[in-house]
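# Overview (structure and organization)
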Amino acid sequence: MNKWFKSGTPWIWMTGGAVSLSLIMVIGLFLLIGWRGLSFFWPATVYEFDMLDRQGNHMNVIGEIYDSETVLKQQLIEAGITGLEDKGDTLERYLIKVGNREYVDLDFQWILETIIVEKHIPDNIVVLERTKNGNFYGYIKAFQENGVDIKIPASALEAEFSTRLAITKALKDKETDLLKGDIGRINYDLDRIRLKQRKLDLDGQLTEEKIASFKAQSETLQNEYLVLEKQLFEYRTQALRDAVVITDMTGRDVVMPIAKILDFYLPNKMTFLEKVQHWFHQTAKFVSDDPREANTEGGVFPAIFGTVFMVMLMAVIVTPFGVIAAIYLHEYAPKNNITKFIRIAVINLAGVPSIVYGVFGLGFFVYIVGGSIDQLLYPEALPSPTFGSPGVLWSALTLAILTLPVVIVSTEEGLSRIPSSLREGSLALGATKSETLWRIIVPMASPAIMTGLILAVARAAGEVAPLMLVGVVKMAPTLPVDGNFPYLHLERKFMHLGFHIYDVGFQSPNVEAARPLVYATSFLLVTVIIGLNLAAIGIRNNLREKYRSLEH
Amino acid sequence: MHSDLSNRLRANQKRVIKDKIVKYCISSGGALVLVTLLLIFGYLLYVVLPIFAPVTIEAEKQFMQTKNEQLYALGLDEQNDISYQVNEQGVLSFYSLREQDLGALLLTKEMLKQPVAFAQSSPSTNIYLLSNQTGQVTIFKPDFATSYPNDKRLITAKIDYPLGESLIEVDPQGAPITVASFELSEEGGAIAAVTNDNRGLFVVLTATEDMMSEEIFWEQELVELPSLPHNVSQMLLSPDLNNLFVRSGDDLLVYDISNTNNIRIKSALPINALNTHVSDIQLLTGASSLMVANENGVISQWFEVLKDNKRTFTFIRDFTADANVANIVPEYFRKGFLTTDKKGYLSIFHTTGNTRLLNEKISDNDNLSVAFSPRANAILVIDEQKVTLFKLDNEHPEITWSALWQQVWYEGYPEAAYIWQSTSASDDFEAKMSLVPISFGTIKAAFYAMLFAVPIAISGAIYTAYFMSPAIRTYVKPTVEIMEALPTVILGFLAGLWLAPLIENQLPGIILLLLALPLSVLATALLWTLLPKNFKQKIPEGIHPLILIPVLLCAGYISMSLSGPLEMWLFDGDTRMYLTNELGIDFDQRNSLIVGIAMGFAVIPTIYSIAEDAIFSVPKSLTMGSLALGATPWQTLAKVVILTASPGIFSAVMMGTGRAVGETMIVLMATGNTPIMDWNIFEGMRSLSANIAVEMPESEVGSSHYRVLFLAAFVLFIFTFIFNTVAELVRQRLREKYSSL
């Protein structure tokens, strides 16, 4: 035995075990996020439980089984639950999502298996997705129009629901279009007129006729607004016409305006194919919808948009600087101490904690640079800041510094792989160094630059800590790009997938309800980042092969 | 022909110029990296430095008064535009401090004829009391009104009578008051007085609002102070009307006046410093601290401390002025105060910072009148007839080296401690900004993360670089490295919402796992050696990890399923309770163990990748030589490869530590963020980076808090700078060594 230990074999196995453990952790993590994230959109079976509570009363509960755990009988008895003496050592406990948040105390309830008398899967249970208060579970009973019941045969209830929902939805879409489109434009224009007037006033050029002209302009806009407002109210009243009567788990009939319902489905009736279809539908809604109810429901579209926009802006800033620095280091830098310092600076830029960049970005970019821009260019809006408060431009700049080393290292690696014979050949034919660079080296290194850029984008997309200081918010009312002049609003705050995860997972009032959404968001972010990284690795490997063949 | 040549030459010249321009541009682009790093360093320093800037005073304005009077009180308005003084004849006068009419008398009024005693409320309310020969007092407040005629700020002086203009009777027997003290706020107030026949009087003032007219009426109620000492030298009321301090010579009596029906002496104690006598006492803002000046220039701070369930008045710390202190003037809103001494020195102190911030001779006179401006940005000094307004630059008195890095005895605390508590709802809150607990948290988090990551990452690197078959290596290495790309916010989220509850519920299983994993590996190794040779030869070399994956998964599953029974058997069914009750170990759900695992996970790829590179690039000639001389692979590894690569491994660990120290999101999400100092693995912490992320958005730009947060960022920057630079230098040297081999 001693000899065996001395031979080193067990230690080799132990080191091998460390590799296995790392692999298990990585793959396990991906599987965990993937499973939790994707199963969220799968229509879960909704059960109806018949239960006997401790007083012997029957209770009816409708809901999805959300989670289950095994508990020790001993623990339950210690917690004061009686009547378990004849049960086994361990018991199953279910977490039921009962929804109907405004009618029950807790929309997630723990239920012990012992009190369940019977569990059914009724076909006609309907799940309603609503604009407020989360899901609702129940049975469709009837429809109302302006508060009056309409007779509809039981078999046609579903179809009727679909048609009425479609009508209401169309009205609501019109309303949103109006609100975000024309009314949004009018508000934006009114604000601009106010600022223009203030600017002229500050410059001392405000004359009576100009005031009159501004006044006339705003009045036209106001009148336009009044017309639109009327239209808006019209849509609203029309949308409120229909209501559906739903019987909930206690047997109570709830009248619910269809305007408050986003979608409905009957999960227990669905075939597998329909479920797959529903899954795709839900996934599509998740990536294209706006969030609702303090981000705990709905989609993540603004966060996706914000992340992509910010990252693209950052890429535009970081690429030229990174590439130039890499070319300098590889092609021009003499072998002296300054070069050594620059190399150390690159390593340090990569190693400085990201939160330090955030602090620097907040102090330097936002307060100093942004504050100065406000003083010079937007004095009319002061004291409310334009660029002097955190925004997407500052976030992009901050992350550009943070990802600069990534681009430099990757580009330099690409440059070092280009055989020097190519440079020498070009120079021997009479090209200047800059021509060699521009015509030969940079085009050949472009896949490496691409790799660096992709890695930088992947790094930036996952970075949250600095953004919390320089521009991310939990809920941005407007996107940084819209139809109002100048179309790009770089001073605006934005939403970000990573921050969304932090915010919904840790700051939301109902963490239990929001958790699956966080998993789904995480899955989205991980997919994007791992995808980008894999693409970068692919390009890099491809490049290596190409130059290897060049060398021979 | 000729022109063709010159054209070509010209074209060539253009190319040369272009080449030069490109060279210049690219070189400056390269230098930009260095500039950026220096800019970050410089900017952080630029924000941090003002907290360590020395305090300075500078005479700004000066004028001469007509008379040299003895003053009861001296004060300024918020803008330092107008000064006021109450002299011993009971006259209140306002003087202008504006450039255009410096020294002009703006308003003057005799408040009371022949006053005999004077008292003043806390600086933030600044109400004055004068008493006459017959036991009556007048209460008034020098006040200012601000208006903007022609868009310019104009401040005018006025006199306010919070309790009405008529005299208030304190002593019904009409005896002259010798010592008085007084305090007033919107809800109520009190006057404490001693008459010349040594009776202690206490008048409670209560405000009642008339519902109809919204007028306020004041009611008074007279109570006698029990067991008053002879020759009372000074009395002070605390603004919360809980305590009355009575000084008689060197002795201090503290009366509990919170219940006016039962006024009693809480404590009586001598407060003089060794071998000297007390000259003055003064309350600090917030009213919990009493500053005691002694004749030898020692100023001591006292406050109530909870000891053995009793509040006792305790000596905390002392400060030294050069000579006998003539005045102690507290600041309006901060825990600072200034003194002037008999040699004409002006000194400024801060209690939390525990330092003398300034000591400057401003006069040869020993009898100066001084006042702080409300914003503490100016000091008004009257030296006989000469009135001087000093500009005071003292932005961050509370932040000193000792306040940041040493134990500080904060008001109301039982002992000196390291505490981080930067904000509170109340105004006169003593900010507790010790960087020690959050630096400790950073180190604790990094330590547990490294404890988890280093063994796994380095063993993994050794195996991958030295034993693994190349075919698997091409897949395994990128897989582990891709972990580095995982956003830490996701790791933090999983740690906080998935891992933390899991570990809380399955703690025995997790502990079991620590044993089960290595043991199962060893068992597999043993079994493997016992397997027949024929079979082993068919299996390729270097695939141990693949064999071990199912083994480890099984071991993990078994440990987890044993968790419940084990908990029943060993810990009475609830490990958490058992830990707390039986072992006295506190358990937070989000604790260092979680952070260690999650952050360890984040730094494994960093360490793994660098260490693997270092080991892999050990020249093959070395290992071949060792093996040829008869060493086993393991001996070669331990004696040759690791030794050669050790600088690389060291630099990997340094890089990993640098990353763990600066990581924000994981610590933010996986701990409770409480700044406690305890190595207990089951309790949380707050790290420098998480602290910045939590508090930075709420801190006011330019405030001490803001600058201290920048200092925290600066500390992080320097720390990681050192780690990264050392690691990089080590790595560069190693690379040179390899290339020479």
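Residues numbered from 1 in each chain as written. Chains lettered and ligands numbered in written order. Predicted model: local features only at pLDDT ≥ 70, side-chain atom pairs only at ≥ 80, totals over all residues.

## Things to note about the overall build of chain B
Looking only at helices and strands, one finds 15 helices and 31 strands in chain B. Expected size for 741 residues packed as a compact globule is a radius of gyration near 27 Å; at 37 Å, chain B overshoots this value by more than 25%. Counting only C-alpha atoms and orienting by the principal axes, one finds that chain B spans roughly 120 × 105 × 60 Å. Across the 741 residues in chain B, those meeting the buried criterion constitute 44%. The long-range fraction of contacts in chain B, counting pairs at least 24 apart against all pairs at least 6 apart in sequence, stands at 59%. (Helix = DSSP H or I, 4+ residues; strand = E, 2+ residues; numbered from the N terminus. Rg over C-alpha atoms; globule rule 2.2 N^0.38 Å. Buried ≥ 20, exposed ≤ 12 C-beta atoms within 10 Å, placed from the backbone. Contact = placed C-beta atoms within 7 Å.)

## A word on the domain arrangement of chain A
All names here are of chain A. Here the domain parsing of chain A yields domain 1 (46-122), domain 2 (140-285) and domain 3 (305-498). Just the C-alpha atoms count here: the centres of domain 2 and domain 3 sit 40 Å apart. Across the contact, six residues belong to domain 2 and four residues belong to domain 3. (Domains from an automatic or database assignment.)

## A short note on the environment of Q506 of chain B
Residue and element names in this part refer to chain B. Here Q506 shows up in the loop between α5 (488-505) and α6 (507-530). Residue classification places Q506 among the buried positions, given that 21 C-beta atoms sit within 10 Å. When the C-alpha positions of Q506 and L106 are compared, they lie 78 Å apart, and in sequence the two are 400 residues distant. When residues no more than four places from it in sequence are discounted, the contact partners of Q506 are M560 and S563.

## As for the sheet that holds strand β20 (residues 289-294) of chain B
Sheet strands pair via backbone hydrogen bonds, and the direction of the pair is either parallel or antiparallel. Residue and element names in this part refer to chain B. Reading across the sheet, the four strands line up as β19-β20-β21-β22 and stay open at both edges, with antiparallel pairing between neighbours. Since the sheet does not close on itself, it has two edges, and those belong to β19 (278-283) and β22 (310-320), each with one partner. Strand after strand, the sheet turns through a mean of 25° between neighbouring axes, direction not considered. Relative to β20, β19 is paired through five bridges, and the arrangement is antiparallel. (Pairing = 2+ DSSP bridges. Axes fitted to C-alpha atoms, helices over the stretch in contact; angles between N-to-C directions.)

## Thoughts on the domain arrangement of chain B
By a widely used convention, the size of an interface equals the accessible area lost when the partners come together. Residue and element names in this part refer to chain B. Looking at chain B, the domain boundaries give domain 1 (274-417) and domain 2 (435-740). Distance between the C-alpha centres of domain 1 and domain 2: 51 Å. Facing the five residues of domain 1 at the interface are five residues of domain 2. The class makeup of the residues in the side of domain 1 that touches domain 2 is three nonpolar, one polar and one charged. (Nonpolar A, V, L, I, M, F, W, Y, C, P; charged D, E, K, R; others polar.)

## So, the nonpolar core
Residues and elements named next belong to chain B. With 214 residues, the main nonpolar core has A449, A495, A598, I607, A611, I666 and A713 as its most contacted residues. Apart from residues no more than four positions distant in its own chain, A495 is found in contact with A500, I594, I597, A598, I666, M669 and A670. One finds I57, Y84, I177 and V254 within the second-largest nonpolar core, a separate group that totals 88 residues. (Core = buried A, V, L, I, M, F, W, Y, C linked by C-beta atoms within 7 Å.)

## Section: the environment of I610 of chain B
Residue and element names in this part refer to chain B. Relative to the assigned elements, I610 resides in helix α10 (residues 592-616). Taking C-alpha positions, I610 is 15 Å from V641, a pair spaced 31 residues apart along the chain. When near neighbours in sequence (up to four residues on either side) are disregarded, I610 contacts G648, S651, A652 and M655.

## A look at α6 of chain B
Given a rise of 1.5 Å per residue, 24 residues ought to cover 34 Å, and the 35 Å separating the end C-alpha atoms of α6 of chain B matches this to within 8%. Along α6 of chain B, the sharpest change in direction is near 30° and occurs at L513 of chain B. Among all positions of α6 of chain B, only L507, P508, G509, A516, L517, S520, V521, T524 and A525 of chain B are buried. In this structure, the buried side of α6 of chain B is in contact with α2 (9-39) of chain A together with α5, α8 (544-571) and α9 (575-583) of chain B. (Expected span 1.5 Å × (residues − 1). Bend = angle between axes of the 7 residues up to and from the residue.)

## Side note on unusual backbone geometry
Residues and elements named next belong to chain A. Positive phi outside glycine occurs at N146, with the angle close to 50°. Mapped onto the elements of the fold, N146 is located in the loop between β7 (136-145) and β8 (148-150). By the C-beta count within 10 Å, which is 8 here, N146 ends up exposed.

## Looking at the pairing of strand β4 (residues 91-96) of chain B
All names here are of chain B. Sheet topology note: the strand β3 (residues 82-87)/β4 ladder contains five bridges and is antiparallel. What sits directly across from I82, in β4, is S96. In textbook terms, the turn of a hairpin is the stretch between consecutive antiparallel strands, and for β3 and β4 this stretch comprises three residues, one of which, G90, has a positive phi near 80°. Summarising the sheet, β4 and strand β5 (residues 105-110) pair through five bridges and their orientation is antiparallel.

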